[in-house]
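As a plain string of letters, each chain reads:
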Amino acid sequence: MRMPAFTIKSYMIVFLAVLGLAYVFTSQRFDFLFQMIFATAATVAIDVAINLVKIKKLALSSSAVISGLFIGTILPLSPFYIIVAAALVSMLSKHVIKFSKRHIFNPAAFGIVVSGIIFSFVPIWWSSATLLSIPLGLFIVYKMRKWLLVLSFIITYYALLMLQNLSDTSVISFINPTLFFFMLFMLTEPLTSAYARPAMVAQGIMVGILVILVSTYVSGAEIFLLPLLISNIFVGALNKNLKPFNFPRTQTSKNKKGSSGLQLNHAHLTSVLHRT
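Note that the coordinates shown come from a computational prediction; the quantities given were computed from them, not determined experimentally.

(A) Representation of the overall build of the protein within the structure. The number of helices and strands found in the protein is 12 helices and two strands. From first element to last, N terminus to C terminus, the protein shows the α and β order α-α-α-α-β-β-α-α-α-α-α-α-α-α. Counting over 276 residues, the protein shows a buried share of 46%. For the protein, the exposed area adds up to about 14,700 Å²; of that, 69% sits on carbon and sulfur atoms.

(B) Region of interest: the pattern of salt bridges. Applying the stated criterion across every chain yields a total of two salt bridges. Between Arg29 and Asp31 there is a salt bridge, and its shortest N-O distance comes to 3.0 Å. Using a relative accessible area of 31% as the deciding quantity, one classes Arg29 as partly exposed. Residue classification places Asp31 among the partly exposed positions, given a relative accessible area of 31%. A salt bridge links Lys94 to Asp47, with the nearest nitrogen and oxygen atoms 3.3 Å apart.

(C) Layout of the side chain of Thr188. Within the secondary structure, Thr188 sits in the loop between helix 8 (177-186) and helix 9 (197-217). The buried category is assigned to Thr188, whose relative accessible area is 0%. In this structure the side chain of Thr188 is engaged in a polar contact, spanning 2.9 Å, whose partner is the backbone oxygen of Leu184. Residues contacting Thr188, with those up to four places away along its chain left out, are Val141, Met144, Lys146, Leu149, Val150, Met183 and Ser193.

(D) Quick peek at helix 5 (residues 107-119). Relative to the 18 Å expected for 13 residues at 1.5 Å per residue, helix 5 spans 18 Å between its end C-alpha atoms, a close match to the ideal helical length. Here helix 5 starts with a cap whose side-chain oxygen sits 3.2 Å from the backbone nitrogen of Ala108, and that cap is Asn106. Ser120 lies just past helix 5 and shows a positive phi near 55°.

(E) Focus on the environment of Leu226. For Leu226, the position within the fold is in helix 10 (residues 225-241). On the accessibility criterion, Leu226 (28% relative accessible area) is partly exposed. As a C-alpha pair, Leu226 and Leu210 span 16 residues in sequence and 8.6 Å in three-dimensional space. When near neighbours in sequence (up to four residues on either side) are disregarded, Leu226 contacts Val113, Val214 and Ala221.

(F) Representation of the packing of aromatic side chains within the structure. A full pass over the atoms with the stated rule returns 22 aromatic pairs. Summarising the aromatic geometry, the rings of Phe6 and Tyr11 are spaced 5.0 Å apart at their centres and angled 75° between planes, so their arrangement reads as edge-to-face. Relative accessible area serves as the criterion here: at 48%, Phe6 is assigned to the partly exposed category. On the basis of an interplanar angle of 15° and a centroid distance of 5.9 Å, the ring pair of Phe34 and Phe38 is categorised as stacked. Placement of the pair is Phe34 and Phe38 together in helix 2 (residues 30-55), with a separation of four residues, close to one helical turn. One aromatic cluster is present, formed by Phe70, Trp125, Phe153, Tyr157, Tyr158, Phe181, Phe182, Phe185 and Phe224 through successive ring pairs. The ring of Tyr142 carries Arg145 above its face, with NZ or CZ at 4.7 Å from the centroid.

(G) Here's a closer look at the side chain of Ser90. Relative to the assigned elements, Ser90 resides in helix 4 (residues 80-96). Setting aside residues up to four positions removed in sequence, Ser90 forms contacts with Ser67, Ile71, Pro107, Ala108 and Gly111.

(H) Summary view of the environment of Tyr23. Position of Tyr23 relative to the elements: it lies in helix 1 (residues 8-27). Taking the C-alpha atoms as reference points, Tyr23 and Trp126, separated by 103 residues in sequence, lie 7.4 Å from one another.

(I) Representation of the packing of helix 1 against helix 2 within the structure. Viewed as axis vectors pointing N to C, helix 1 and helix 2 meet at an angle of 155°, and their least axial separation amounts to 8 Å. One element, helix 1, and the other, helix 2, form an angle in the roughly antiparallel class. At the point where helix 1 passes helix 2, the crossing takes the left-handed sense. Residue-level inspection shows Ala17, Gly20, Leu21, Tyr23, Val24 and Phe25 of helix 1 in contact with helix 2, the latter providing Phe30, Phe32, Leu33 and Met36. Of the residues that constitute the contact of helix 1 with helix 2, the class distribution is nine nonpolar, one polar and no charged.

Parameters and conventions
- Residues numbered from 1 in each chain as written.
- Predicted model: local features only at pLDDT ≥ 70, side-chain atom pairs only at ≥ 80, totals over all residues.
- Heavy atoms only, no water.
- Helix = DSSP H or I, 4+ residues; strand = E, 2+ residues; numbered from the N terminus.
- Buried < 20%, exposed > 50% of the residue type's maximum accessible area, 1.4 Å probe, protein only.
- Areas by Shrake-Rupley, 256 points an atom, 1.4 Å probe, with all protein chains shown as cover.
- Salt bridge = Lys/Arg side-chain N within 4 Å of Asp/Glu carboxyl O.
- Polar contact = N/O pair within 3.5 Å; in protein donor to acceptor, adjacent residues only side chain to side chain.
- Contact = heavy atoms within 4.5 Å.
- Expected span 1.5 Å × (residues − 1).
- Phe/Tyr/Trp six-rings, centres within 6.5 Å; stacked < 30°, edge-to-face > 60°.
- Lys NZ or Arg CZ within 6 Å of the ring centre and 35° of its normal.
- Axes fitted to C-alpha atoms, helices over the stretch in contact; angles between N-to-C directions.
- Parallel < 35°, antiparallel > 145°, perpendicular 65-115°, else oblique.
- Left-handed = near helix turned anticlockwise from the far one by under 90°.
- Nonpolar A, V, L, I, M, F, W, Y, C, P; charged D, E, K, R; others polar.

Here is the structure:
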């Protein structure tokens, strides 16, 4: 019997769970394990309830599992009502705040930021404490082909950080587990990140600039998720207006027929990626 193929979402669920468990067992903080499980269950339950109301059908979404894992592993150790609030806001943003039948904001980021404002807490990104997030995250980026988004962000971020600290480069930490976790797992979320190549570069640069601005001028703000949500607003426009440049093809080329089969259909690749 043929085994079902592992999708991007399957990898995300496994990797996020592994990172959470790695922290729990190395730190012996089993209260965080309960939070991860409870947040995932609460998010999935709310998503199922919303689907029952909307489409009158019992539908279990893997994206809700991913959002729940993000919420459970990014929030500080929290009372159950804060976890439920973050899960509720997350799923409402997914189902309600939409444009052209697509949700605008990264659901987990939206739920965490809004609940953080309401209940006055700052995320601690506890599952990113292990450097295991870097190889696992790089694998996710490889599978989703989001290298341009990641590279444009990290180059912009470090360039501006170094300009800010020309007199004291010792304050710059190039290996920041939270930064890498955010960049590799959250920034690249398929439905709310850019997919056209120039658009990926533009979004990466935008988020890099915003992270520096927020960390410098906005006291007490979550420096990664807020810039991500701001960039989500512009992703649709970036994908629409910043499309790859197609070089004109000559009619006299002898290899025209053979080479045409090698040209990638960007719309097809995008639809396949989003189905994963």
